[in-house]
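Below, each chain spelled out in residue letters.
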Amino acid sequence: MKKLIFLSLIFLSSTLFVSAQQEKVAASTQFTKAELLGFSDLKALLAAINKGQDYSKYQVRNFSLTTTVTQPDGTTSVISEAGPGGVWSEKQKAMINKYAVKGTAFTLEKITVIEKGKKELTAIPAASFSVKE
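Since we're looking at a predicted model, the values are computed, not measured.

Visitor: Is there a simple way to explain the environment of Ser 64 in this structure?
Guide: On the secondary structure map, Ser 64 appears in strand 2 (residues 58–70). According to the relative accessible area criterion, Ser 64 is buried, its value standing at 7%. Between the C-alpha atom of Ser 64 and that of Gly 83, which follows or precedes it by 19 residues, the distance is 6.0 Å. In contact with Ser 64, not counting residues within four places along its chain, are Ser 80, Glu 81, Ala 82, Gln 92, Thr 107, Leu 108, Glu 109 and Lys 110.

Visitor: Would you explain empty space enclosed by the protein in this entry?
Guide: All chains considered together, the criterion is met by 1 cavity of 30 Å³ or more. If you add up the space inside the largest cavity, you get close to 40 Å³. For the largest cavity, the full set of lining residues is Phe 39, Asp 41, Leu 42, Leu 45, Phe 63, Gly 86, Val 87 and Trp 88.

Visitor: What's the story with helix 4 (residues 90–99) in this structure? I'm lost.
Guide: The α-helix winds at 3.6 residues per turn, so residues separated by three or four positions along the chain end up facing the same way. Among all positions in helix 4, only Gln 92, Met 95 and Ile 96 are buried. When helix 4 is viewed along its axis, its buried side chains cluster within an angular range of 95 degrees and face the same direction. Exposed side chains of helix 4 directed beyond 90 degrees from the buried face belong to Glu 90, Lys 91 and Lys 98. Residues of helix 4 that are buried sit in contact with helix 2 (33–38), strand 2, strand 3 (76–84) and strand 4 (105–115).

Visitor: Honestly, the pairing of strand 4 in this entry has me stumped. Any pointers?
Guide: Within a regular beta strand, the side chains point alternately toward one face of the sheet and then the other, so they alternate between its two faces. Pairing analysis gives 8 bridges linking strand 2 to strand 4, with the strands arranged antiparallel. Bridging from a neighbouring strand, Tyr 58 pairs with Glu 115 of strand 4. One ladder, built from 4 bridges, connects strand 4 with strand 6 (residues 127–131); its direction is antiparallel. Bridge pairing links Ala 105 to Ser 130 in strand 6. One ladder, built from 4 bridges, connects strand 4 with strand 5 (residues 121–124); its direction is antiparallel. Bridge pairing in strand 5 places Ile 114 opposite Leu 121. If you look at the hairpin formed by strand 4 and strand 5, you'll find 5 residues sitting between the two strands, and Gly 117 has a positive phi there, around 85 degrees.

So, how was this worked out
Residues numbered from 1 in each chain as written. Predicted model: local features only at pLDDT ≥ 70, side-chain atom pairs only at ≥ 80, totals over all residues. Heavy atoms only, no water. Helix = DSSP H or I, 4+ residues; strand = E, 2+ residues; numbered from the N terminus. Buried < 20%, exposed > 50% of the residue type's maximum accessible area, 1.4 Å probe, protein only. Contact = heavy atoms within 4.5 Å. 1 Å grid on protein atoms, 1.4 Å probe; cavity = no way out; pocket = protein on both sides within 12 Å on 5 of 7 lines; lining within 4 Å. Points joined across faces, edges and corners; volume = space filled by probe spheres on them. Arc of directions from axis to C-beta. Pairing = 2+ DSSP bridges.

Here you go:
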């Protein structure tokens, strides 16, 4: 019984530690507006956010770029634009140009990819970043 409690505490503490590290990575990833628009494709951006993880074996099918905007009256709204393939759509570029100011947080969501040589779609977890200038 004591071993079970001890193992549960170790598991809980390691889970909290990993979660905190992931939040730290997401919060510390920042780009300028020019850097965001300069990424050749979504795979390059994901590799930069996730510190060099290899996405070359995937072909991006769809993804959404999401941000929260605060209106002058204090209300907030979530703005999201979906993009086919792995490159910025014109609407996503316009969204970045309009809302990418210092401190704005963006999230890449609903990322679906297909691995080369396979038929089934795979979902990649959401990735967040912010604007530094």
